[in-house]
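Secondary and tertiary structure notes
Take a look at the letters that make up each chain.
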Amino acid sequence: MQQEHSKSVVLGVTRYTKAVWAPPGYDSLGAFTSGPLKAVWHRTQGATYVGAWATYRKKRVCPHFTIDTDGTTYQHFDTSVASYSLANEPEGVQTNRDSAIQVEVVGFSGETMPDKQRNGVLRLMAWLEGQGVPWRWPMGQPPKNSTTGYGKDTPYRDARVWDTVGGHYGHSNVPENEHWDPAWTGGDWNALRAKPTATPQSTPSGVCEVQLPVLRSGSHGGAVRSLQSLLKTKAGQDIDATGTFGTVTDRCVRNVQRYFGLEEDGIVGSSTWGVLFL
């Protein structure tokens, strides 16, 4: 018999100000229907944010947040609506819409996070706590490998706990799901299991408080050359670093914005800079 779900709680603030806003170009699953507030942690099983983004777009499995290896955080959906990433059997235990905030961490299960990425995770956990997600792991440390965590019927998944206890869960703790990520290593688990006395305050490179200029058609100078170099080396655009923002640069910028689901206006602000600093 399906467990009776507790009433859903809606987060008060839906945008994380330290994140680059990067909507996927398709709708969310709609409003949450049930459950206490919780966050579910995944690993992308890939080495780059670009690869993860391509998967989100192709398979329509976009989470609420992605945290890159350098600590840059991207937000894809408001936290007041349900995203994707979790399996949900017909007439089974509700997962995606059970007040679950989905977070993908770039990298592989069982892989230790770089310091900047771990700090990005801690900052997001602190923000989520302020929105109502308790800093606790109701099912304990997510299992480390497939022999202990793979498959639906394991001691690491409990529908009753999922339905009634808010906090942080690994993908491996979610009912009706078979994945075993994030498989935090010992060092990562020690950092994330309990609330630190002080949350890391460093800013992810390339976004937020780093004051990068807003560039558009007609701009000139070193910042434009840097932009053009990034467009060529990071985004694979056919462009030379001339220092002049003309029609070729405008076209390349729009190509990048379209690919990442940003507003296609040809203006290079914080969000466009953010996806180029990968």
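It should be noted that the structure appears before, not after, this text.
Read on for an overview of the structure.

So, how was this worked out
Residues numbered from 1 in each chain as written. Predicted model: local features only at pLDDT ≥ 70, side-chain atom pairs only at ≥ 80, totals over all residues. Heavy atoms only, no water. Helix = DSSP H or I, 4+ residues; strand = E, 2+ residues; numbered from the N terminus. Expected span 1.5 Å × (residues − 1). Buried < 20%, exposed > 50% of the residue type's maximum accessible area, 1.4 Å probe, protein only. Arc of directions from axis to C-beta. Contact = heavy atoms within 4.5 Å. 1 Å grid on protein atoms, 1.4 Å probe; cavity = no way out; pocket = protein on both sides within 12 Å on 5 of 7 lines; lining within 4 Å. Points joined across faces, edges and corners; volume = space filled by probe spheres on them. Nonpolar A, V, L, I, M, F, W, Y, C, P; charged D, E, K, R; others polar.

For the rest of this paragraph, the subject is helix α7 (residues 247-259). In a regular helix each residue adds 1.5 Å, so 13 residues correspond to 18 Å; α7 covers 18 Å between its end C-alpha atoms and thus fits that length. Residues Thr-249, Asp-250, Cys-252, Val-253, Val-256 and Gln-257 constitute the buried set of α7. Buried residues of α7, seen end-on, are gathered within an arc of 165° and therefore sit on one face of the element. Residues of α7 that are buried sit in contact with α6 (222-233) and α8 (270-276). Trailing α7 by a residue or two, Gly-261 shows a phi angle of about 75°, which is positive.

Bringing the layout of surface pockets into the picture now. Once rolled over the atoms, a probe with the size of a water molecule shows which space is left empty. Computed from the structure, the largest pocket encloses a volume of approximately 480 Å³. Around the largest pocket sit 24 residues that line it, and Arg-43, Thr-44, Thr-55, Glu-104 and His-179 are the ones nearest its centre. Of all the secondary structure elements, the ones that give two or more residues to the lining of the largest pocket are β3 (38-43) and α1 (49-59). With 5 residues, the single largest contributor to the lining of the largest pocket is α1. In terms of residue class, the lining of the largest pocket is built from 8 nonpolar, 12 polar and 4 charged.

Function-wise, these values are silent; they only describe arrangement.
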